Structure formats: C-alpha cells, structure tokens
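The chain contents come next:
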Amino acid sequence: MSALRRVLGKLGGLLLTLFLASLLVFFSRFLVPGDPVSFLLRGRKPSPEAVAAVNAQYGLDLPPWQQYLSWIGGVLHGDFGRSLQYRQDVGAVIGERMPVTLGLVVMAGLMIAIVGLAAGAIAALNRGRVLDRSILIGLTALGAIPSFVGAIVLIAVFAVQLGWFPSFGSGDGGIDTLYHLVLPSTALALVFVVLVGKVTRSSMVDQLGREHVEVATSRGLRRGTVIRRHVFRNSIGPILTVSGLLVAGLLVASSIVESAFGLAGVGSLLVQSVSRLDFPVVQAIVLLIVFAFVAVNAVIDILEPVIDPRAAAGGGAR
Amino acid sequence: MTTPTMAVTVLRAPRAARADLTFGLSVGVLGVMVAAAAFAPLIAPYDPDAVDLAAFYSGPSAAHWLGTDALGRDLLSRTIHGARTALLAPLAVVVISTAVGIVLGLIAGWRGGWLDSVLGRLFDVVFAFPSLLLAILAVALFGKGLVAPVIAMSIAYAPFVARLTRSLVVAERSRPYVAAYRVQGFSPPWIATRRVLPNVTPIVGAQSTLNFGYVLAELAALSFLGLGVQAPAADWGAMINEAQAGILGGHFLPALVPAAAVVLAVVAVNVIGEEYSNRIGGGAPA
C-alpha cells in the first residue's frame, strides 16, 4: 500500500516537473522581443505563404495559453510541427536520425559501465595501494578531458595518424556502423567513466568496512562470494543514482561528438538547426532530451526499492 | 607518546608535499593564464588576426614557437588572446550564479515553509535542463555569441549554489549562536545576513570554484560547435572548430594547442577548487 502511494507520489512529481519544463520550453520564445513571425522566419523570405504557414502552425493569433495547449496537445500525439529547413514533419526528421544517436549512447553507456565498474571495483579492492592511487589519478585525468577535446585527439591519433578507424560518418549499417561508432563512443564515454568509477570505488570501500562484511568473512564464506553478494550488491544504489544523472550529460554531449565525427544523429541535428534558425526542431529536441532525462531518473527512483528493499523502508542506513 | 606522532608526520610529509606541489603548479598555470589574458597585446609576439599566407601550417620554429594555422596566423599569439574570453566568460557565469544562488538559498533555508517548497520545485525544473542544453536554447532564441549563453548558464548553475546554500543555512539555523542572537533581540534578517551568511560563504565559494572549471569547458564546447564565439576571433573553442579540417590533413597543432590550453585550465581550476575545499575543512557535502 505504502509502496503504491510512494510510486504514485513520484509519478505526480514527475508529471509536475515535465509540465513545468514544457512551459519553459514553449514560452522561452516569448522572451524574444518583437514580432514572433519575424523571429520564426529569421533568415528566410517572409513570403505571404510562409507567413500564413507559420501563423497556422503556431496559431499565433490565439492567446498564448491556447497556443501552448494546441502545441502540447500535438506533442502528446507525436506531432512536433514542421521543420523550416526540411519542409518535413519535425517528428520524421528526428526519427530518421534517432538510430545513430541511440547506437552511440548505448555503446558509450556500455563502455562507461564496464570500464567504470571494473576500475572502481579494482581500486576499492586494492584501496590504499599503488594500484588504487594509479587508477584514481588515471580517472581524474580522463575526467579533465572535455568531449570535444577527446574527439579531436582520437581523430588525430587513431583515424589520421594510425588509420585504424574512420573519422567521419556512421557507415552502411550493421558491423560497419558499429566500427564507425567506436571512436565517437569512446570520446563520449571518457568524461563519464570517472564519475561511475569514483562512485563505485567509494561505495564499495564504504561497504568493505562494514560489520556485515566482516561477519560474512568470519563465517568462512569465499572472498568472491563476499564481494559479490555482500559488498557489490549493497553498493549498487549510489552507482545507479549517478548513472541516472549521467543520461542528461550523455545526450547533450552526443551533440558535440556527433558534430565532431560528422554523424547524422539527433545531437548534430540540434546544433545544425540552431545554426539554420530552424526553431521548431530545436524546441522539439530540447523537450525530448529533458523528458528523457527526467523520465530515466524517475524510473531509477521508482526501481530503487526493487533492487534495494531497504530503500522502501525509508532509506535506512546504507 | 612522541614516537607515534613522529611516525605519523614522517608518513604524511611526502603526501602533503606532493599535494602542495600540485597546488602550487596549478596556481602557477592559472596565474600565467590570467596574466596572458590581462596583458595579451603586450605579451603576444604577433597580432592574433594577422594572416600570413606564405607561412601557413608552419611547424614550431624560432619565429613561431607553436607554429601557425591554415591562414598562417601565429598559434601562440592566438592562444594568448584566447585566454581572455576563455577566463572572463566563465568568471561572469560563476559570479552571477553564485550571487543569485546565495540569495535564493538563504531565503529558502532561512524562511522555510511554502517559499522553500516553491523554490525547491523551481530548482527541480531548472535541474531538468542540462546547462549546455540551456545555453544552446538561448543561442537558438537570441543568436550566436557569448552574452545569451553566459546568462543561460548562470541560470542553470544558480540552483546548484542555492541548494548547497540552503542545506548549509538550515544546518546553521539550529545552532546555539543563532538562538543566542535571537534572545538578545537581533532581527532575523540581520542574523541571517550578518552572522549566518559569513559562515556559509567559504563552502559555497569552494563549490563555485569547481563550477568554474565545468563552465569553462562547456563554453569552449559551445564555441567549438560554432554557436558561441564566432570563427575569426581568437577563442580556444572557436580555434579548435576552425582547425578541424586541418586535422584530417595531418596538421594537428592548430587544434591541439588550444585544446591543451582548455584541459590545462580545467585541471588547474579543479585542483585549486578541491584544495580550497579541503583547507576550509570537510568540503562541500555532495
């Protein structure tokens, strides 16, 4: 019962945040001084047809709150309006580029999870030793490399100098696409490995010093079992929370990496649409990223008691 | 009793020395960058925008210590001039977001109640927008350049400062010295601004120092994307953007020199911020 109420409460908070965020995305346009038609048609010929089209799409003669209602109503049905640069539905333009971005983010996510968890766990199990300190220094160094610097260094070294990987485009599908995504995913993963690695380390070091671990060891359980069932399982909570926060960073940083590697994904579409003054596309992508970020964190929040039953009992001591 | 103490000092001395060395180096690096930004026209050997088509992509030499770019412009001079926007813009973001965040956090933490709830919800909404995304949206609305992104990033970072300030103020509020001032009849606003605020600002300042590094990297990324400082200008991010074509032709320095400057600046600021928060004790609660 209380679990259900907790989930409903979280969902309510989620919906409220999404609603307020959509208000911000929609009404941000009203901050621009002057006539909305000339803002939306910047850099284009304001022909009578174009003016009429923009007027119809945005319902500019309606009062602002009705404009919002018709816009959000469309968004909820998957209708984001029409792109000014492609003369196509925004949803179709974005949908076409979604696979590349998903592939990039999933691949980078796997790299972050594998390298981050491994580095953090190895450091924690060797805490205080040279290996621990080297891993920490290595992670900190990686964390200081912004995605765009990582991207150009990877291109310079592995694409141009060594010629091992392509530097441009997303290939012709299948294995070729995976091959094309290796360098971009690595560039995307670099900064985020440090967060997962450090949280894994500190969370596991915390558990290693706990009494229940000592008890498990003194009961004669094998070290591998103790680490898997008693240390790692208890360390997952903070790691998951940080992973949720990474999602926003990954989605935004993908725009940098996609632009650097010439990938036709959603992130590079965002940058290109800003440059080409295609506001409907910008608005839709910003809204999608915010929704994805808020939703992923809500799911992690709701799932936490499933993974860690103590969280349901009011947080409790970790 | 003396032996253990000595053992401890002996064990700790090399570590402390190493931390001091890293800290000293970082202060040095940042100091050089600040000096470069302040006296750029005096220090830079060339005009950063002077095109010399006869000397394009020349490697490091006595004439051009770091070489030249595709248009024969001197990389060292451009990097020195680039320190100006690279440091000034994040400074503006950090100053604005810290000022706004401290005021909002102090109000939320000190007043509590419905005002606290409303502000908390507002912070949640802003947290849903990654700072770089908010900056990109600002460029889409107000056009390319640095002014709109700087304001957008200040808005994005203010809730982080505000939430930290709020949690510190809530902790301070229940301490005996606050009750003592109350009993003596000092007005709550006076206690909040004159007695609580000074106890809170060092920790907030440490966090803001760390924010400086993130903002620097994000604004450079924005210029790299072609949405911030525009191309001919000598800015680190814009320089890397312009140098991308050269990388494919094997000319790495025009991109790597400003990239190294960005990384060095971020590392130096982070080391200084962490050392600062260690020295004021405890550091910022995560």
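The structure presented is a predicted model; accordingly, all values stated were derived computationally and were not measured. (Residues numbered from 1 in each chain as written. Chains lettered and ligands numbered in written order. Predicted model: local features only at pLDDT ≥ 70, side-chain atom pairs only at ≥ 80, totals over all residues. Heavy atoms only, no water.)

A. Looking closely at a nonpolar patch on the surface. Residues A:V153, A:V157, A:L162, A:W164, B:L253 and B:L256 make up a contiguous nonpolar surface patch of about 470 Å² in total accessible area. Put simply, the parts of the chain that give the nonpolar patch at least two residues each are α7 (147–161) of chain A together with α10 (253–279) of chain B. Note on placement: A:W164 falls in the loop between α7 and α8 (175–208). (Patch = residues over 30% accessible without salt bridge, like charges linked within 9 Å, V, L, I, M, F, W, Y side chains within 5 Å. Areas by Shrake-Rupley, 256 points an atom, 1.4 Å probe, with all protein chains shown as cover. Salt bridge = Lys/Arg side-chain N within 4 Å of Asp/Glu carboxyl O. Helix = DSSP H or I, 4+ residues; strand = E, 2+ residues; numbered from the N terminus.)

B. Spatial organisation of a positive patch on the surface. On the surface, a cluster of positive charge is contributed by A:R219, A:R222, A:R228, A:R229 and A:R233. With respect to the helices and strands, A:R228 occurs in helix α10 (residues 223–261). (Lys, Arg positive; Asp, Glu negative; His and termini not counted. Charge placed at Lys NZ, Arg CZ, Asp CG, Glu CD.)

C. Region of interest: the interface of chain A and chain B. On the side of chain B, 37 residues touch chain A, which itself brings 43 residues to the contact. Where chain A abuts chain B, roughly 3,400 Å² becomes buried across the two surfaces, and 83% of that area is made up of carbon and sulfur atoms. Sorting the residues of chain A by area buried against chain B places A:F148, A:I152 and A:V274 first, and these three jointly supply 18% of that buried surface. The tally of links from chain A across to chain B stands at three residue pairs in polar contact (both at pLDDT 80 or more). Of all the secondary-structure elements, those providing two or more residues to the side of chain A that touches chain B are α1 (2–27), α7, α10, α11 (266–275) and α12 (279–307) of chain A. (Contact = heavy atoms within 4.5 Å. Buried area = accessible area lost by both parts, 1.4 Å probe. Polar contact = N/O pair within 3.5 Å; in protein donor to acceptor, adjacent residues only side chain to side chain.)

D. Main features of the domain arrangement of chain A. All names here are of chain A. Domain annotation of chain A identifies domain 1 (3–76) and domain 2 (98–312). Using C-alpha coordinates to define each centre, domain 1 is positioned 32 Å away from domain 2. Across the domain 1/domain 2 interface, buried area totals approximately 1,600 Å², and carbon plus sulfur atoms make up 72% of it. Of all residues in domain 1, the largest losses of buried area upon contact with domain 2 belong to R6, L18 and V25, amounting jointly to 29% of the total for that side. For the interface between domain 1 and domain 2, the tally reads one salt bridge. D301 is the salt-bridge partner of K10, the closest N and O atoms lying 2.9 Å from each other. Linking domain 1 with domain 2 are three residue pairs in polar contact (both at pLDDT 80 or more), by the criterion used here. Those elements that provide at least two residues to the side of domain 1 that touches domain 2 are α1, α2 (36–40), α3 (48–58) and α4 (64–76). Of all the elements, α1 adds the most residues to the side of domain 1 that touches domain 2, at 11 residues. Across the side of domain 1 that touches domain 2, the residue classes break down as 12 nonpolar, five polar and five charged. (Domains from an automatic or database assignment. Nonpolar A, V, L, I, M, F, W, Y, C, P; charged D, E, K, R; others polar.)

E. Region of the structure containing the packing of helix α8 (residues 188–224) of chain B against α10(B). Residues and elements named next belong to chain B. Orientation of α8 relative to α10, taken along the N-to-C sense of each, is 170°, at an axis distance of 9 Å. Viewed along their axes, α8 and α10 adopt a mutual orientation that is roughly antiparallel. Touching P202, G205, A206, T209, L210, F212, G213, L216, A217 and A220 of α8 are V262, A265, V266, V269, N270, G273, E274, Y276 and S277, all from α10. Residue classes in the contact of α8 with α10 are distributed as 12 nonpolar, six polar and one charged. (Axes fitted to C-alpha atoms, helices over the stretch in contact; angles between N-to-C directions. Parallel < 35°, antiparallel > 145°, perpendicular 65-115°, else oblique.)

F. The packing of aromatic side chains, seen in detail. Counted by the stated rule, this structure contains 18 aromatic pairs over all chains. Ring geometry for A:F19 and A:Y68: centres 6.3 Å apart, planes at 75°, overall edge-to-face. Linking A:F19 in helix α1 with A:Y68 in helix α4, this pair joins segments that are 49 residues apart in sequence. When its relative accessible area of 40% is taken as the criterion, A:F19 is described as partly exposed. With a centroid separation of 5.8 Å and 45° between ring planes, the pair formed by A:F158 and A:W164 is classed as tilted. Residue class for A:F158 comes out partly exposed when judged on its relative accessible area of 26%. Grouping aromatic residues by their ring pairs yields a cluster made of A:F19, A:F26, A:F27, A:F30, A:Y68 and A:W71. The ring of A:F26 has A:R29 lying over it, and the distance from NZ or CZ to the ring centre is 5.6 Å. Lying across the ring of B:F23, B:R279 places its NZ or CZ 4.5 Å from the centre. (Phe/Tyr/Trp six-rings, centres within 6.5 Å; stacked < 30°, edge-to-face > 60°. Buried < 20%, exposed > 50% of the residue type's maximum accessible area, 1.4 Å probe, protein only. Lys NZ or Arg CZ within 6 Å of the ring centre and 35° of its normal.)

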